[in-house]
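Given next are the chains, with one letter for each unit.
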Amino acid sequence: QGQLVESGGGLVQAGGSLRLSCAASGRTFSNYAMGWFRQAPGKERELVATISRGGGGSQYYPDSIKGRFTISRDNAKNTVYLQMNSLKPEDTAVYTCAADPILHHLLVFTTDKDINVEVWGQGTLVTVSS
């Protein structure tokens, strides 16, 4: 059974930066596309970023994130990162990483109720103060 463990969350002031990490175990990490999702209190889960499997040559960000966050992966360390810059109070949420062999599953998970994602982490809280 694969496992994902996030770290790096915390409290930061608006305009600041944080780097989240997600350590994977129990799977061949490079065979999985990876993604970060977030969920704020009272809101639906939303996709933050995805990165393709293997070398991670393809990344996706929604428009609300583009230019501020960067997803990357280090297959030697079985870890995916989310570098978050220029943080805003509206970025406050629980951030969760996810893994699936099929990138498309990560991309459509929040919009297609028939799609499941294979592995989820437990989440890490990011709080951005104004």
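The structure reproduced in this document is the subject of the present report. Bear in mind the structure is a predicted one, so any value in this text is a computation, not a measurement. (Residues numbered from 1 in each chain as written. Predicted model: local features only at pLDDT ≥ 70, side-chain atom pairs only at ≥ 80, totals over all residues. Heavy atoms only, no water.)

## Digging into the sheet that holds strand S1 (residues 3–7)
Part 1 of the reasoning: Sheet architecture is open: four strands sit in the order S1-S3-S8-S7, paired in antiparallel fashion. A strand with exactly one partner marks an edge of an open sheet, and here the two such strands are S1 and strand S7 (69–74). Strand-to-strand twist across the sheet, computed as the mean angle between neighbouring axes with direction ignored, equals 15 degrees. (Pairing = 2+ DSSP bridges. Helix = DSSP H or I, 4+ residues; strand = E, 2+ residues; numbered from the N terminus. Axes fitted to C-alpha atoms, helices over the stretch in contact; angles between N-to-C directions.)

## Concerning the packing of aromatic side chains
Part 1 of the reasoning: A complete count under the given rule lists three aromatic pairs for this structure.
Part 2 of the reasoning: Plain terms: the ring middles of Phe37 and Phe109 are 5.9 Å apart, the flat faces sit at 80 degrees to each other, and that makes the pair edge-to-face. Placement of the pair is Phe37 in strand S4 (residues 33–39) and Phe109 in the loop between helix H1 (103–108) and strand S10 (119–120), with a sequence separation of 72 residues.
Part 3 of the reasoning: For Phe37, a relative accessible area of 1% translates into the label buried.
Part 4 of the reasoning: Through a chain of ring-to-ring contacts, the aromatic side chains of Phe37, Phe109 and Trp120 assemble into a single cluster. (Phe/Tyr/Trp six-rings, centres within 6.5 Å; stacked < 30°, edge-to-face > 60°. Buried < 20%, exposed > 50% of the residue type's maximum accessible area, 1.4 Å probe, protein only.)

## Things to note about the side chain of Arg73
Part 1 of the reasoning: By the secondary structure assignment, Arg73 is in strand S7.
Part 2 of the reasoning: Despite its burial, Arg73 pairs with no opposite charge, the nearest such side chain being Asp74 at 8.4 Å.
Part 3 of the reasoning: Within the local environment of Arg73, its side chain forms a polar contact with the backbone oxygen of Tyr32, the two atoms lying 2.8 Å apart.
Part 4 of the reasoning: A polar contact of 2.8 Å, which involves the side chain of Arg73, links it to the backbone oxygen of Ser52. (Lys, Arg positive; Asp, Glu negative; His and termini not counted. Salt bridge = Lys/Arg side-chain N within 4 Å of Asp/Glu carboxyl O. Polar contact = N/O pair within 3.5 Å; in protein donor to acceptor, adjacent residues only side chain to side chain.)

## Here we look at the environment of Val80
Part 1 of the reasoning: Note on placement: Val80 falls in strand S8 (residues 79–84).
Part 2 of the reasoning: Taking the C-alpha atoms as reference points, Val80 and Ile102, separated by 22 residues in sequence, lie 16 Å from one another.
Part 3 of the reasoning: For Val80, the contacting residues outside a window of four places in its chain are Leu20, Ser21, Cys22, Phe29, Met34, Trp36, Ile51, Ile71, Ser72 and Arg73. (Contact = heavy atoms within 4.5 Å.)

## As for the pairing of S7
Part 1 of the reasoning: Across the two faces of S7 the burial differs, with Phe69, Ile71 and Arg73 buried and Thr70, Ser72 and Asp74 not buried at all.
Part 2 of the reasoning: The sheet contact formed by S7 and S8 spans six bridges and is antiparallel. From the neighbouring strand, Ile71 faces S8, where its bridge partner is Leu82.
Part 3 of the reasoning: Between S7 and the antiparallel strand that follows it, S8, lie four residues; Asn78 among them carries a positive phi value of about 50 degrees.

## Examining the pattern of salt bridges
Part 1 of the reasoning: All told, the structure shown has five salt bridges when counted by the stated rule.
Part 2 of the reasoning: A salt bridge links Glu46 to Arg38; its shortest N-O distance comes to 2.7 Å.
Part 3 of the reasoning: When the shortest N-O distance is used, the salt bridge between Asp63 and Lys66 registers 3.3 Å.
Part 4 of the reasoning: With relative accessibility at 68%, the residue Asp63 sits in the exposed group.
Part 5 of the reasoning: Through salt bridges that share partners, Arg38, Glu46, Arg68 and Asp91 make up one connected network.

## Considering the state of the cysteines
Part 1 of the reasoning: Following the criterion strictly, the structure yields one disulfide and no others.
Part 2 of the reasoning: At a sulfur-sulfur separation of 1.9 Å, the disulfide partner of Cys22 is Cys97. Judged by the torsion about the S-S bond (45 degrees), the Cys22/Cys97 disulfide is right-handed. Note that Cys22 is positioned in strand S3 (residues 18–25) and Cys97 in strand S9 (residues 93–100), a separation of 75 residues in sequence.
Part 3 of the reasoning: Using a relative accessible area of 0% as the deciding quantity, one classes Cys22 as buried.
Part 4 of the reasoning: With relative accessibility at 0%, the residue Cys97 sits in the buried group. (Disulfide = S-S within 2.5 Å.)

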